[in-house]
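Observations on chain architecture
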Amino acid sequence: MPSWSRWLETQRERRDAAALTRRLRPTETSAEPLARRDGRELVNLASSNYLGLAGDPRLVAAAQAAATRGGGAGSSRLVAGHDPAFAALEEKLAQFKGTEGALVFGSGYLANVGILASVLDRDAAVFADRLNHASLIDGVRLSGAESHRYRHLDLDHLESLLAHSGAARKLIVTDSLFSMDGDVAPLVELVALKERYGAALLVDEAHAGGVFGPHGEGLAHELGVAGQVELQMGTFSKAFGAYGAYVAAARPWIEQLVSTARTLIYSTALPPAVVGTIDAALDLVHDADAARARLRAHAERFRAGVRAAGFDTGGSTTQIVPALVGGSERVLELAAALEERGVLAVGIRPPTVPAGTARLRFSLMATHTDEQLDLA
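A brief report on the enclosed structure follows. This is a predicted model, so every value here is computed, not measured.

Digging into unusual backbone geometry
Negative phi is the rule for most residues except glycine; trans is the rule for most peptide bonds. In this structure, Pro 351 follows Pro 350 across a cis peptide bond, with omega equal to 5°. Within the secondary structure, Pro 351 sits in the loop between strand E12 (346–348) and strand E13 (358–363). For Ala 19, which is not a glycine, the phi torsion comes out positive at approximately 55°. Among the structural elements, Ala 19 can be located in the loop between helix H1 (2–17) and strand E1 (34–37). Even without glycine at this site, Asp 38 takes up a positive phi of about 55°. For Asp 38, the location among the structural elements is in the loop between E1 and strand E2 (40–44).

See below:
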């Protein structure tokens, strides 16, 4: 025990010295435009509830109705937890995404780790954008596949790596909308590259789902290449206002995942209330054209204001607007100063972002008012 105590104390001191200590802070109405923390009301620019659906009365009613089937599923889906509502939801989701099949997971992290460990092995090579979400990075590590990370959005670097790989199977992996930078992947060009080199493509639509596409299907649908993306992954915890995640794909991919994805096989199924909420959210997102338009207008207006204030917003073109600062201590000071003035924004530090690129990360919602954004 003394050795563990010394080690834990050393780790704490190192985190404190680098301004990398994290703390949990209770926050009420955390998905609404106005959040409450320590008894104060703050303009909430820290939530991914992009369309404002998390507190929508129709979702709440759907959750309440579904909860009458029980508080929990009681087992994994391959044992007895595959409620008929799950089957109906996945059929509806496949229709929404335009694929042969779909599979729901407990969370985005579980989905990405499970998918990658299921379809990759030592005979495969994976080519991943350096700024992909941590769940994709971890899934690649766990898979044991030959791993290549290409420079962010650098198609020439990716092509060079593809050309020099002799792997039997190749998989390109990318976020569609990068959650810390607010920029988007060149999916049209990525599709062309994967076809040129006989690769498959996994696109994580977590932050683009609900926001892009004719009915919120995602960026791949917005750009007209969804039919050429083998694995479309996404979450329900952001624009859909619910919880859970999915992958949409052709039937052979789904069959592979059902039989081998350990994060599906060894996880208890989502509770009935969550399944019911997702089902209702699909309908609301499908018809949320007005909210999507408001969100885009908010993003353009807010990004221009942040730039006018002298901040670098990088390549952001979406509802995620970073204000690049650089040092971890400085970004924490700025976040605290904003909170003092009534604005909740997260200071993002390494290892979530590369060293030297700490930033304030603003996440906009369709339900923000112009006055709230002006204050920020």
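Regarding the nonpolar core
Counting residues in hydrophobic clusters, the biggest one holds 77 residues, and the most contacted among them are Ile 172, Phe 236 and Phe 362. Residue contributions to this core peak at 8 residues, all from helix H12 (residues 272–286). Setting aside its immediate chain neighbours within four residues, Phe 236 contacts Leu 93, Val 104, Gly 241, Ala 242, Tyr 243, Gly 244, Ala 245, Tyr 246, Ile 278 and Leu 282. By size, the runner-up hydrophobic cluster in this structure holds 26 residues, among which are Leu 103, Val 140, Leu 231 and Met 233.

Digging into the pairing of strand E6 (residues 169–175)
Counted residue by residue, E6 has 6 buried out of 7 residues, so it is predominantly covered. Note: E6 against strand E7 (residues 200–204), 5 bridges, orientation parallel. The residue of E7 that forms the bridge with Thr 174 is Val 203. Crossover connection from E6 via helix H8 (residues 187–196) to parallel E7: handedness right-handed.

Comments concerning the sheet that holds E1
Within the open sheet, the 3 strands sit side by side as E1-E2-E11. Their pairing is mixed. Sheet topology places E1 and strand E11 (343–344) at the edges, where each strand pairs with a single neighbour. Across 4 bridges, E1 lies against E2 in antiparallel orientation. Within E2, the position partnered with Ala 35 by the bridge is Leu 42.

Overview of the pairing of strand E8 (residues 231–235)
When a strand is regular, its side chains alternate between the sheet's two faces. Judged by how many residues are buried, E8 sits mostly within the fold: 5 of 5 residues are covered. Residues Leu 231, Met 233 and Thr 235 point to one face of E8 and Gln 232 and Gly 234 to the other, with burial holding for every one of them. For E7 and E8, the ladder comprises 3 bridges, and the chain directions are parallel. Within E8, the position partnered with Asp 204 by the bridge is Met 233. Examined bridge by bridge, E8 and strand E9 (residues 245–249) share 4 bridges and lie antiparallel to one another. Note on E9: the bridge partner recorded for Gly 234 is Tyr 246.

Overview of the pattern of salt bridges
The final tally for this structure, using the stated rule, is 22 salt bridges. With its nearest N and O atoms 3.6 Å apart, the salt bridge here joins Asp 83 to Arg 69. Here the residue Asp 83 occupies a position in the loop between helix H3 (77–81) and helix H4 (84–97), and Arg 69 occupies one in the loop between helix H2 (57–67) and H3, the gap between them amounting to 14 residues. Residue Arg 69 is classed as partly exposed on the basis of its relative accessible area, which comes to 43%. The shortest N-O distance in the salt bridge between Glu 90 and Arg 77 comes to 2.7 Å. Taken as a pair, Glu 90 in helix H4 and Arg 77 in helix H3 lie far apart in primary sequence, 13 residues in all. Assessed through its relative accessible area of 10%, Glu 90 is described here as buried. Through salt bridges that share partners, Arg 25, Arg 37, Asp 38 and Glu 339 make up one connected network.

Topic: the packing of helix H5 (residues 108–119) against helix H6 (residues 134–143)
Between H5 and H6, the shortest axis-to-axis distance is 8 Å and the interhelical angle comes to 30°. By the angle between their directions, the pair H5 and H6 is classed as roughly parallel. Read as a crossing pair, H5 and H6 show a hand that is right-handed. Across from Gly 108, Tyr 109, Asn 112, Val 113, Leu 116 and Ala 117 in H5, the residues of H6 making contact are Ser 135, Leu 136, Asp 138, Gly 139, Val 140, Leu 142 and Ser 143. When the residues that make up the contact of H5 with H6 are grouped by side-chain class, the tally is 7 nonpolar, 5 polar and 1 charged.

Remarks on the packing of aromatic side chains
One pass over the structure, following the stated rule, counts 5 aromatic pairs. Geometrically, the ring pair formed by Trp 4 and Trp 7 is edge-to-face, given 5.7 Å between the ring centres and 90° between the ring planes. Highlighted residues: Trp 4 and Trp 7, both in helix H1, separated by 3 residues, approximately one helical turn. By relative accessible area, which is 44% here, Trp 7 ends up partly exposed. Seen in terms of ring centroids, Phe 96 and Phe 240 are 6.3 Å apart; in terms of plane orientation they differ by 80°. Their pairing is edge-to-face. A residue pair is termed long-range when its members are at least 10 positions apart, and Phe 96 in helix H4 and Phe 240 in the loop between E8 and E9 qualify at 144 residues. The burial state of Phe 96 is the same as that of Phe 240; both residues are buried. Through successive ring pairs, a cluster of aromatic residues spans Phe 96, Phe 236, Phe 240 and Tyr 246. Taking the ring centre of Phe 86 as reference, the NZ or CZ of Arg 77 above it sits at 4.1 Å.

What counts and how
- Residues numbered from 1 in each chain as written.
- Predicted model: local features only at pLDDT ≥ 70, side-chain atom pairs only at ≥ 80, totals over all residues.
- Heavy atoms only, no water.
- Helix = DSSP H or I, 4+ residues; strand = E, 2+ residues; numbered from the N terminus.
- Core = buried A, V, L, I, M, F, W, Y, C linked by side-chain atoms within 4.5 Å.
- Buried < 20%, exposed > 50% of the residue type's maximum accessible area, 1.4 Å probe, protein only.
- Contact = heavy atoms within 4.5 Å.
- Pairing = 2+ DSSP bridges.
- Right-handed = clockwise from strand over helix to strand, strands pointing away.
- Salt bridge = Lys/Arg side-chain N within 4 Å of Asp/Glu carboxyl O.
- Axes fitted to C-alpha atoms, helices over the stretch in contact; angles between N-to-C directions.
- Parallel < 35°, antiparallel > 145°, perpendicular 65-115°, else oblique.
- Left-handed = near helix turned anticlockwise from the far one by under 90°.
- Nonpolar A, V, L, I, M, F, W, Y, C, P; charged D, E, K, R; others polar.
- Phe/Tyr/Trp six-rings, centres within 6.5 Å; stacked < 30°, edge-to-face > 60°.
- Lys NZ or Arg CZ within 6 Å of the ring centre and 35° of its normal.

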